[in-house]
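# A look at the structure
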Amino acid sequence: MIRVEGICKSFEHKQVLTDIDAVFEPGKVNLIIGKSGSGKTVLLKSIIGLHTVDSGHIYYDDRDVTGMDKRQMKDIRKELGVVFQGGALFDSLTVLENVIFPLNLFSSMSEKEKVERALFCLNRVNLNNVESLSPAEISGGMKKRVAIARAIVLQPKYLFCDEPNSGLDPLTSLVIDNLLSELTHEYNMTTIINTHDMNSVFEIGEKIIFIHEGRKEWEGSNVDVMHSDNAALNEFLFTSKLNRMARERFNKRS
Amino acid sequence: MKVLNRIGAYVLFMKRVFSKPERKRVYTKELVNELEKLGLNSVVLVMIISFFIGAVLTLQTAYNMSSPFLPRYLIGYLTRETMLLEFSSTIVSLILAGKIGSNIASEIGSMKITEQIEALETMGVNSASYLVAPKIVAALVINPVLYVFSVFIGIIGGLLTGLASGVVNYDDYIHGLHFAFNPYYVTYSIIKTLFFAVVFTSIPAFYGYNVRGGALEVGKASTKAVVDSSIAILVLNLVLTNILL
């Protein structure tokens, strides 16, 4: 479980996050949603530790990471996997070397065991026979899957994904969403996904936190979203005719 | 003020670069890669340039020696002195600042804008140290080697051209190479190459690491890196020459 309390963050006098409280539950797909520039990426990067917060606390299973030094934080880092927006695969390494990279840093496995573990993870994200290719030789969807394989190679307790569907076609987005959902339940991870993909919200959002102008505006599940009377959330989610129709049909059925 | 800020940021960056590495094994692998990338890939360029500069130095010296009282062995002597003192240390380092410097700035800059550096940080890797320290160490190893190589090839280039054009004979040229040789000049030049190696790797790395934005900014950082490292090499050359000679 990850809990954030009273998180505030500003950049050069511009307040980006104001007093955010949230609980991200284990074994569930937790989504942070919001418009571009609403502060959701800053929130995610603050939780990961890439930004230092101005005030507030971040707890990883009751371990407050806001006051931790690098050495203490290193133990936490072994337990987290991150999937960046563009995959952030290392260009100079092959697909297999990319997946092995965290093992080289944190595990005492033999080279053979590392290769086996990396191939298992690649297989788990439905990638076969790509291990010797470089990131430049694979498609955007494959890059995301390699990034997911790299993120899960250490069997993390916490998985973070920054807009995993950006730049992907709807079908590939669905594959990625389902994969993240399956892995979350399979490994009982606390998964936090930062997205503005509506399909993700409706399909896999077991817990959703809506950030609006740097504040937590709403929280609930993908079912609650359909009944929400929050104006900012409704404007964000149901501006498109298609989404409005989907809500009407859902509400009629229920 | 802006310059002072930049120097301060550079010093802090270098402090991060030389902080204690977490996993030495990973760094060793990177060091081997960098030795190949920075060293072996520059050997051919250094060979070609040194050969032709040595050749041209021989011809220019010969054509400027109109007085019959000037001994022909001065051709070999001047070629050696120029290669040894200035060309193979300073000019080759300036060339490497262009070749390697732009490469380092754009490589690290691209990693920055594609979140690869953030990915390293989330894995608990000191990205500055992991990405930059092996490059600096590799350049410290390879630059003196390239210097020796450049002097050798330059002198051979001068000899072959001198013989082919008939401006100097073999004995005179070899006599010139031995004439008034001061071994300290080699030490002085090797010390310079060590300083230049740090400059042409760390300054581009600093610019690449601090890129913000997109591909355009990576290009700008690459240009700035080459300009600033070239200026730093020229200034350091002056300072070190004053101190060491």
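In case you missed it, the structure is sitting above this.
Here's what I pulled together on the structure shown here. Not measured: the values here are computed from a predicted model. (Residues numbered from 1 in each chain as written. Chains lettered and ligands numbered in written order. Predicted model: local features only at pLDDT ≥ 70, side-chain atom pairs only at ≥ 80, totals over all residues.)

## Topic: the sheet that holds strand β4 (residues 55-60) of chain A
Residues and elements named next belong to chain A. Stated precisely, the cut-off is as follows: When DSSP finds two or more bridges between a pair of strands, those strands are recorded as paired. Here a strand is any run of E in DSSP of at least two residues, a helix any run of H or I of at least four, and the numbering for each starts at the N terminus. Throughout, a residue-residue contact means that the two C-beta atoms, derived from backbone geometry, are no farther apart than 7 Å. Here an axis means a line fitted to C-alpha atoms, over the contact stretch when the element is a helix, while the angle between two N-to-C directions is reported on a 0 to 180 degree scale.
If you walk across this open sheet you meet the four strands as β2-β1-β4-β5, and the pairing is antiparallel. Whereas interior strands pair on both sides, the edge strands pair on one side only; in this sheet they are β2 (14-24) and β5 (63-64). Here strand β1 (residues 2-11) pairs with β4 via five bridges, running antiparallel. Residue pairing across strands places Arg 3 opposite Tyr 59, the latter belonging to β4. Packing against the sheet, helix α1 (residues 40-48) makes contact with β1, β2 and β4, and its axis sits at approximately 120° to β1.

## Brief notes about the packing of helix α5 (residues 127-165) of chain B against helix α7 (residues 184-209) of chain B
Any two packed helices are characterised by how steeply their axes cross, that is the angle between the axes, and by the distance between the axes. Residues and elements named next belong to chain B. Formally: Orientation is classified from the angle alone, with under 35 degrees giving roughly parallel, over 145 giving roughly antiparallel, 65 to 115 giving roughly perpendicular, and any other angle giving oblique. When the near helix sits turned anticlockwise from the far one by under a right angle, the crossing is termed left-handed; a clockwise turn instead gives a right-handed crossing. Think of it as three bins: nonpolar holds Ala, Val, Leu, Ile, Met, Phe, Trp, Tyr, Cys and Pro, charged holds Asp, Glu, Lys and Arg, and polar takes everything else, Gly as well.
Packing of α5 against α7 leaves a shortest axis separation of 8 Å and a crossing angle of 150°. As summarised for this structure, α5 and α7 are arranged roughly antiparallel, according to the angle between their axes. For the element pair α5 and α7, the recorded crossing hand is right-handed. Along the contact surface, α5 presents Ala 128, Val 132, Lys 135, Ile 136, Ala 139, Leu 140, Asn 143, Pro 144 and Tyr 147, while α7 presents Ser 189, Ile 190, Thr 193, Leu 194, Phe 196, Ala 197, Val 198, Phe 200, Thr 201, Ser 202, Ala 205 and Tyr 209. Residue composition of the contact of α5 with α7, by class: 15 nonpolar, five polar and one charged.

## What about the nonpolar core?
Going by this rule: A set of buried Ala, Val, Leu, Ile, Met, Phe, Trp, Tyr and Cys residues, joined through C-beta atoms within 7 Å, is what we mean by a nonpolar core. Partly exposed residues are those falling between the two cut-offs: more than 12 but fewer than 20 other C-beta atoms within 10 Å of their own, whereas 20 or more means buried and 12 or fewer means exposed, with C-beta atoms placed from the backbone.
Formed by 120 residues in total, the largest nonpolar core has its most connected members in Leu 43, Val 99, Ala 149 and Phe 160 of chain A together with Phe 200 of chain B. Per-element accounting of this core gives the leading share, 14 residues, to α5 of chain B. Those residues in contact with Ala 149 of chain A that sit more than four places away from it in its chain are Val 99, Cys 121, Leu 122, Arg 124, Val 125 and Leu 127 of chain A.

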